[in-house]
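# Structural features, examined
So you can see what is in the structure, the chains are spelled out below.
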Amino acid sequence: MNLVEEVLNEHHLEEKTVVDVVVRFAGDSGDGMQMSGANFTQATALYGNDLSTFPDFPAEIRAPVGSTFGVSSFQIYFGAEDVTTCGDAIDVLVAMNPAALTTNIHNLIDGGMIIVDSGSFSDKNLRKAKYETNPLEDGSLDAYRVLDIDISHHVLAAVESYGLGHKDALRCKNMWALGLVMWLFDRDRTATIESLRKKFAKKTAVADANIAALNAGHAYAETVELPAGIHVYKVPKARLAAGEYRNITGTEALAWGLLAGAELADIDMLFASYPITPATNVLHELSGKRDFRVNTFQAEDEIAAVGAAIGASFAGSLGVTSSSGPGIALKAEGIALAAAAELPLVVANTQRGGPSTGLPTKTEQSDLLMSMYGRHGDTPMPVIAACTPGDCFELAIEAVRLATQYMTPVMLLTDGYLANAAEPWKIPDVDKFEAFPVKHYDNPVGFMPSMRDERTLARVWAKPGTPGMEHRIGGIERSHETGNISYDPDNHQKMTDLRKAKIEGIAKEIPLQEVILGNESGKVAVVGWGSTFGAIHQAVKRIRKEGLDVSHIHIRYISPLPRNLGELLAGFDKVLIPEMNTGQLIRLIRAEFLIDAEGLSKVSGQPFKIGEVIAAIHEEFAKLEQTS
Amino acid sequence: MNNLIATLTPKDFATDQEVRWCPGCGDYAILKTIQKLMPTLGRPKENQVFVSGIGCSSRFPYYMNTFGFHSIHGRAPTIATGVKLANPELDVWVVTGDGDGFSIGGNHMLHVLRRNVDMQILLFNNEIYGLTKGQYSPTSKQGSKSPSSPQGSLDNPLIPAVVALGAGASYVARSIDTEANHLSEVIRRGYSHKGAAFIEILQNCPIYNDGNFAQVKDKKAAGDFRVELEHGKPIIFGKEKNKGICLNTQDLQLEVVELGGDISQADLLVHNENNKTQAQMLSAMSGPDFPVAVGVIYREDKSGYVEDVQVQLEQIRSGGKASLKRLLHSGHTWTAG
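Below is a summary of the structure that appears in this document. (Residues numbered from 1 in each chain as written. Chains lettered and ligands numbered in written order. Predicted model: local features only at pLDDT ≥ 70, side-chain atom pairs only at ≥ 80, totals over all residues. Heavy atoms only, no water.)

## Regarding the side chain of Asp415 of chain A
Residue and element names in this part refer to chain A. Note the cut-off: Runs of H or I in DSSP of at least four residues are treated as helices and runs of E of at least two as strands, each being numbered from the N terminus. Exposed residues in this analysis have more than 50% of their type's maximum accessible area, buried residues have under 20%, and partly exposed residues fall in between, with area computed by a 1.4 Å probe over protein chains only. Under this rule, positive means Lys or Arg and negative means Asp or Glu; His and the chain ends count for nothing. A side-chain nitrogen of Lys or Arg and a carboxyl oxygen of Asp or Glu constitute a salt bridge if their distance falls within 4 Å. Two N or O atoms form a polar contact when they lie within 3.5 Å of each other; inside protein one atom must be a possible hydrogen donor and the other a possible acceptor, and for residues adjacent in sequence the pair counts only when both atoms belong to side chains. By definition in these notes, contact holds between two residues if any of their heavy atoms fall within 4.5 Å.
For Asp415, the location among the structural elements is in strand β13 (residues 409-415). Buried within the structure, Asp415 lacks any salt-bridge partner; Arg352 is the closest side chain of opposite charge, at an N-O distance of 12 Å. Polar contacts involving the side chain of Asp415 include one to the main-chain amide nitrogen of Tyr417, which spans 3.0 Å. Side-chain polar atoms of Asp415 contact the side chain of Ser531, separated by 2.5 Å. Those residues within four positions of Asp415 in sequence are excluded, and the remaining contacts are Thr350, Gln351, Thr363, Glu364, Gln365, Ser531 and Met580.

## Some points on the sheet that holds strand β10 (residues 318-323) of chain A
Sheet strands pair via backbone hydrogen bonds, and the direction of the pair is either parallel or antiparallel. Residues and elements named next belong to chain A. Selection criterion: We treat two strands as partners when DSSP finds at least two bridges between them. Fitted lines through C-alpha atoms serve as axes, helices being fitted only where they are in contact, and the angles separating the N-to-C directions of these axes extend from 0 to 180 degrees.
The seven strands lie next to each other as β9-β8-β10-β11-β13-β12-β19, forming an open sheet whose pairing is mixed. Two strands lie at the open edges of the sheet, namely β9 (294-298) and β19 (557-559), each paired on one side alone. Geometrically, the sheet is characterised by an average inter-axis angle of 20 degrees between neighbouring strands, direction not taken into account. As judged from the seven bridges shared by strand β11 (residues 345-351) and β13, these two strands associate in the parallel manner. Residue Thr350 lies in a different strand from β13, and its bridge partner there is Thr414.

## A word on the sheet that holds strand β14 (residues 422-426) of chain A
Strands sit in the order β14(A)-β7(A)-β12(B) across an open sheet of three strands; the sheet is antiparallel. A single partner strand is all that each edge strand has here, and the edge strands are β14 of chain A together with β12 (333-336) of chain B. Strand-to-strand twist in this sheet, taken as the mean axis angle between neighbours without regard to direction, amounts to 35 degrees.

## Topic: the interface of chain A and chain B
It is common to report an interface's size as the accessible area lost on association of the parts. Selection criterion: By convention, the term buried area covers the 1.4 Å-probe accessible surface removed from two parts as they join, with the contributions of both added.
Every contact between the two is made by 71 residues of chain A and, on the other side, 56 residues of chain B. Between chain A and chain B, roughly 5300 Å² of surface is buried when both sides are summed, and carbon and sulfur atoms account for 62% of that area. At the surface where chain A touches chain B, the tally comes to three salt bridges. Taking the shortest distance from any N to any O, the salt bridge between Arg115 of chain B and Glu300 of chain A comes out at 2.9 Å. Linking chain A to chain B there are 26 residue pairs in polar contact (both at pLDDT 80 or more). Tallying contributions element by element places helix α11 (residues 302-314) of chain A first for the side of chain A that touches chain B, with eight residues.

## Some thoughts on helix α20 (residues 610-627) of chain A
What counts here: The span one expects for a helix is its residue count, reduced by one, times 1.5 Å.
Across its 18 residues, α20 of chain A extends 26 Å between first and last C-alpha, which sits within 8% of the 26 Å expected from 1.5 Å per residue. Against β17 (522-529), α17 (533-545), β18 (550-555), β20 (572-579) and β21 (598-601) of chain A lie the buried residues of α20 of chain A.

## Comments concerning the environment of Ile76 of chain A
All names here are of chain A. If you trace the backbone, Ile76 turns up in strand β3 (residues 71-79). For the pair Ile76 and Leu561, spaced 485 residues apart in sequence, the C-alpha separation works out to 33 Å. When residues no more than four places from it in sequence are discounted, the contact partners of Ile76 are Val21, Val22, Val23, Phe40, Thr41, Thr44, Leu51, Ser52 and Thr53.

What follows is the structure, encoded as structure tokens:
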């Protein structure tokens, strides 16, 4: 199906109290936009709005100043009702230079607000952004509320007394702009001030200057007479379920979920990884958490990372490795070894745009079929996919559980969007999680490495250092009976069937597929997996308000699929599968259930917009009408 | 347990698996030597872990009644590193070949050596690919005729011990498959060494490269073609013990000299296994101009990666058990409802 967008009829800035707002901070990659965004997010969460964020940055660390490809931005959607996407269109755009303006203005709603640093609109910067005339002067921004302030000038004045050099002083611009936006939405600056003090603990002058800039931006907005239509907006608090909340990114949730998994399995973990965008931060996060039952190992390459993880599992710890698409491809041989040797292994894949280096900092869901089938031989393994940043926590635990209970490699899929996006997360009570302690086998009487659990078909896990457990394993096919090398034809058939049955058998113990929203059967089911959750959810919710019979089904267990899924999908006249790839889950669903599902594909490196999913659902209903 | 260890015999380290190397393969001799050595190390056999990659030599773990992991091509050092990190109490051995260790797995070899991960790396160097039927390997002499180089190989070979030293190895030794006592001794010293012990074993492949090391191995001729290094002793070789190695200090090159005349033992280079510069020159010696050096070429006491990791972890964890609950509630949180 073609990707079409229905523009949502939302005019957020018309009233003084608004239900929800999308703000985007955009500037040079060295302008500190991610920091402004992160701090605004923190303040917004503490204020009590629901929110979702979308950091979007170039692969280049410091792209040439003023260039369009060097624009880094941070989008936050926050509001009084449940927010599950980063927003279709921007209400307030903070553009620190002409390049940031030109690359983002097409996504600004009519009547939206633009806050620009006019000090950066020099002839040189305008040329770099390919502006022939200055948009601040040629009337091209007349449809918007423009607040053009010489932020550079104001910042220099605000931080003058701290003795920073010109360049360092100008780097406080992001905080000045943040101060202004905080005034606009009545946010408290305390948390930001605290984190600035912490971040620049050893550079007091820099901390002071940044705080001064933050306060100056706020004070400016408070005292200066602003153009009509620009005032403080009130965004009422969201009605979140009762409990204690925090902000969490998918990366943090994944890392912390692994820590929780290790505790619940009562096992030490070796996290072996090699830096790759956008997966690297999991390694960073866990490297700082080695006071838990995790040790981290930065290997010499992706293959060494999976090798070390497998070695750790052989020795009785749990090996975990993480990467993104190209790195997962390199690990494929190792993953198959873990499958052949029947050792636990968790592989976390933070997917990015491909093929090859592709779009390292952008999101995509195009590694699903690789996760399912991208290995030599018949090598089935469980594949699970997190659907929100917070869900990464739960599924990381689940990956640890499946790996250790079934003695198998497990693929845990997230993506660049989930990794970097933040959302308010109701902090779970970890004491209530069911433990699944690992019991290493240690009874030498009649021991053979081929012994397995009747229920799970998991092979015994006997670790070196245990008397009487000496045994050899490896990648060569092993005898079903003894675990010794076997080239026997019947044995290979048996072992291949067994590996398949073991993974398929997991379906007996995973939750049944639920319908997230809508009826258990009916006209249209929108079936998603992974980070498309938010957009699908909002689209289905809005279309249901139109009175149409549409349901949202989101699959977290992809291999094996939930055992009731086929029956569930058969209950709908139409099944629509939006994916950030050219159609991968749809192939699985069609092949598995012989359902004539329809796909919706998007591979622009950007998440789905709600309006895009809405348009596709409407098209499904139109087709249904034609046929009836 | 100590009594049990004391009564272990080489037989206890043999498995019930039929050994499947070709008749006459040098691997048999190495296996026997190691099975004999094992009971003398004074460690329980459940603490021994043999990890291998792919190739003839990599079948080794199947024949050792210890823990064993026959893994994938070239990656044994990575798996062994994971084993050792997970349980530093284990004795970890890597068994690899010239193709496994220096072709497909060359990268890992560099890194396991530079990290100085405490393990013994036994490199069976037969200068040929055996299991894939006789192609030239990264250690094959230039001009080697093989199924994939019918006109002779063009690649320059590498010398494993030289590369190991270049990678920062802290223990580098060389021995010969059939020289059981010598081999056993360099392995034993490697075992006692803290850190990665790299032991290159010249090993005959009777099928695809038979007699490759004939001169070095031949009981009668070997004296002229190999030199046995001993720490603190002048480097003497030759059937008649009449030749030696000395250092030409003018151009910093080693020279083969004949003893007698104006040259006495005092003029010869004295082997100092702690001298890296000397080790680099000695390990690079090869025929026809030089004898091949065997013995412990280099040894250096330096801290190993796994040991350092343990120190760091102990420091980090000295504050007691970390609380997941505290982590989840750390930083900015707020209450709704």
